[in-house]
Amino acid sequence: MNQKNIYILAIESSCDDTSAAITCNETLLSNIIAGQQIHMEYGGVVPELASRAHQQNIVPVTDAAIRHANISKKDLSAIAFTRGPGLLGSLMVGVSFAKALALALNLPIIEVDHMQAHILANFIQEPNAIKSTPNFPFLCLTVSGGHTQLTIIEDHLSYRIIGKTIDDAAGETFDKAAKILGLQYPGGPIIDKLASTGNPSAFTFAKPNIAAFDFSFSGLKTSFLYFIRDMLKTDPDFILNNLNDLAASIQNSIISILIKKTIAAAKQNGINQIAIAGGVSANSALRIAMQKACDDNKMQLFIPSFSYTTDNAAMIGITAYYKYLRNEFASQMVSPYSTKKT
Ligand code: KG4
Ligand code: ZN
């Protein structure tokens, strides 16, 4: 059977990255991301500035995605966009742009949930390289700046949350620890780099004791903050002299919590395929330690390519493709949501 190719233009604008991608069925043809340097000096994302930057970037980013994919607008089958969760002002830009372009081109629109898309980043195929993908059901640890979730994925479009953070997200903990150390935003990648030459056992911090598969990181963050504050009283250069060990130790604390819960959840649910997703899944130590934990427990691990861990429109495109196959189109009345009721 020779099926028609489905070309989707996908738009992601939920936080501080403006991204557009073109997919052809499950294959990614282009994925353009414009980051926003402006937030660095503020130590976190400033929503108002993010919305303005999306407004400036969205047209050139979309043009570039179409150009790089070597297609024209008339080849498109649908336009997809992130509906939420995220910053409302940022989402408004992407949602309105996608709706207007779809009206002009007479195309259907597809709304995509950002968290579902992070998970489905594990299914993105690239031209000339077949990537193996997990079988259903599998367990996914989604770790981003705003979320930390353990989900059981039943099929491409349905998943069940079995655990989540009751306070800070894993990425937020990386970012807050980095801020305490006087590092820039986002702190996760900086801590990752510094930790590569540090001793992960140099310092230990409070471990959370949370039932079942929920997570908590606020106690760890406070313990880190108080430890640094106390050490600075006797040695004003404490951070400077121990930066790599501090980065490696806080990173080790965060990833140990994530791995312990993930393996326990997989065992309890009789699942032996695990995927990781979201910005923190770019963390090199998490990737290595999760692989070891999976090997030790005879489980198979799936990790998206680095480019599809942090926010990107490729993951919106692949999710939209599965929705397209089921005729799940949105109406022009659709509006974004900042948080999703679960
Ligand atoms: O998924 P994402 O791009 O945006 C959200 O949906 O939140 O995740 C961003 C988060 C930030 O907290 C960032 O510090 C973290 O992912 N992150 C990392 C790494 N790269 C990004 N955390 C640890 N190690 C990394 N290499
Ligand atoms: Zn994200």
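Placed above this text is the structure.
The structure displayed is predicted, hence computed values, not measured ones.

Points about unusual backbone geometry
In this structure, the amide linkage connecting glycine 84 to the following residue, proline 85, adopts the cis form with an omega of -10°. In this fold, proline 85 is placed in the loop between β4 (78-84) and α2 (88-105). With an omega dihedral of -5°, the bond running from tyrosine 185 to proline 186 counts as a cis peptide bond. The residue proline 186 is located in the loop between α4 (170-180) and α5 (187-195) in this model. Positive phi, close to 65°, is recorded for asparagine 128, a residue that is not glycine. Looking at the secondary structure, you find asparagine 128 in the loop between α3 (114-120) and β6 (138-143). Even without glycine at this site, alanine 212 takes up a positive phi of about 50°.

Some words on the pairing of strand β2 (residues 18-24)
When you tally the buried positions in β2, you get 7 out of 7 residues, the bulk of the element. Burial along β2 is two-sided: Thr18, Ala20, Ile22 and Cys24 facing one way and Ser19, Ala21 and Thr23 facing the other are all buried. Of the strand pairs in this sheet, strand β1 (residues 7-12) and β2 are connected by 6 bridges, and their pairing is antiparallel. From the neighbouring strand, tyrosine 7 faces β2, where its bridge partner is cysteine 24. Joining the antiparallel neighbours β1 and β2 is a turn of 5 residues.

Some words on the coordination of the zinc ion (ligand 2)
Distances from the zinc ion (ligand 2) to its protein donors, His114 (NE2), His118 (NE2) and Asp311 (OD), fall within 2.0 to 2.1 Å. All donors of the zinc ion (ligand 2) belong to a single chain; written as a sequence motif, their spacing is H-x3-H-x192-D. One end of the pair, histidine 118, is in helix α3; the other, aspartate 311, is in the loop between β10 (300-302) and α9 (314-325), with 193 residues separating them in the sequence. Taken as a pair, histidine 118 and aspartate 311 share a single burial class, namely buried.

Observations regarding the sheet that holds strand β8 (residues 158-164)
Sheet architecture is open: 5 strands sit in the order β8-β7-β6-β9-β10, paired in mixed fashion. Edge positions in the sheet fall to β8 and β10, since each has one partner strand and no second. Averaged over all pairs of adjacent strands, the angle between strand axes in this sheet comes to 25°, irrespective of strand direction. One ladder, built from 6 bridges, connects β6 with strand β7 (residues 148-155); its direction is antiparallel. The residue of β7 that forms the bridge with threonine 142 is glutamine 149.

Regarding the packing of aromatic side chains
For the coordinates displayed, the defined rule picks out 12 aromatic pairs. Between phenylalanine 123 and phenylalanine 136 the ring centres are 5.9 Å apart and the planes differ by 15°, which places this aromatic pair in the stacked class. Of this pair, phenylalanine 123 sits in the loop between α3 and β6 while phenylalanine 136 is found in the loop between α3 and β6, placing the two residues 13 residues apart along the sequence. Judged by its relative accessible area of 3%, phenylalanine 123 is buried. Using a relative accessible area of 31% as the deciding quantity, one classes phenylalanine 136 as partly exposed. Their ring planes at 65° and their centres at 5.7 Å tell us that phenylalanine 203 and phenylalanine 238 sit as a pair that is edge-to-face. With phenylalanine 203 in the loop between α5 and α6 (218-234) and phenylalanine 238 in helix α7 (residues 238-268), the pair connects residues that are 35 residues apart, well separated along the chain.

A short note on the sheet that holds strand β5 (residues 109-113)
Taking strand neighbours across the sheet as the criterion, the 5 strands line up as β3-β2-β1-β4-β5 in an open arrangement whose pairing is mixed. The strands lining the two open edges of the sheet, one partner per strand, are β3 (27-34) and β5. The sheet shows a mean angle of 20° between the axes of neighbouring strands, direction not considered. Sheet contacts for helix α1 (residues 47-69): β1, β2 and β3; angle to β2, the most-contacted strand, approximately 25°. Sheet strands in contact with α9 are β1, β2, β3, β4 and β5, and its direction is about 130° off that of β1.

Quick notes on the pattern of salt bridges
Counting across every chain of the model gives 10 salt bridges. Notably, a salt bridge pairs glutamate 111 with arginine 83, separated by 3.1 Å at the nearest N-O pair. Of this pair, glutamate 111 sits in strand β5 while arginine 83 sits in strand β4; the two residues are 28 residues apart in sequence, bridging distant segments of the chain. Given the relative accessible area of 22%, arginine 83 is considered partly exposed. Note that aspartate 155 is salt-bridged to arginine 326, the shortest N-O span being 3.2 Å. Residue aspartate 155 is located in strand β7, and its partner arginine 326 is located in the segment after α9; the two are separated by 171 residues in the primary sequence. Overall, aspartate 155 belongs to the partly exposed group, its relative accessible area being 26%. When its relative accessible area of 44% is taken as the criterion, arginine 326 is described as partly exposed. Among the charged side chains, a network of salt bridges with common partners joins Asp168, Glu172, Lys176 and Lys221.

The rules behind the values
- What you see as residue numbers is a count from 1 along each chain, following the sequence as written.
- Written order determines the labels here, with chains lettered from A and ligands numbered from 1.
- Confidence filtering applies because this is a predicted model: local features only for residues at pLDDT of at least 70, side-chain atom pairs given and counted only at 80 or more, and all residues used for totals across whole chains, interfaces and linings.
- The side-chain numbers reported here are obtained from all heavy atoms of the structure, hydrogens and water having been left aside.
- The helix count covers DSSP runs of H or I at least four residues long, the strand count covers runs of E at least two residues long, and both are numbered beginning at the N terminus.
- Note on classification: 1.4 Å probe, protein chains only; a residue is buried when its accessible area is under 20% of the maximum for its type, exposed when over 50%, partly exposed between these limits.
- Note on pairing: two strands pair once DSSP finds at least 2 bridges between them.
- With water excluded from the atoms, a metal site may look incomplete; its donors are any N, O or S atoms within 2.8 Å, or within 3.2 Å for Na, K and Ca.
- Axis lines are fitted through C-alpha atoms, for helices just across the contact stretch, and the angle between N-to-C directions can take any value from 0 to 180 degrees.
- Geometry of aromatic contacts follows a simple scheme: Phe, Tyr and Trp rings, the Trp one being its six-membered ring, pair when their centres are within 6.5 Å, and the pair is stacked under 30 degrees between planes, edge-to-face over 60, tilted otherwise.
- In this description, contact between two residues means that some pair of their heavy atoms is separated by no more than 4.5 Å.
- Whenever Lys or Arg places a side-chain nitrogen within 4 Å of a carboxyl oxygen from Asp or Glu, that contact is recorded as a salt bridge.

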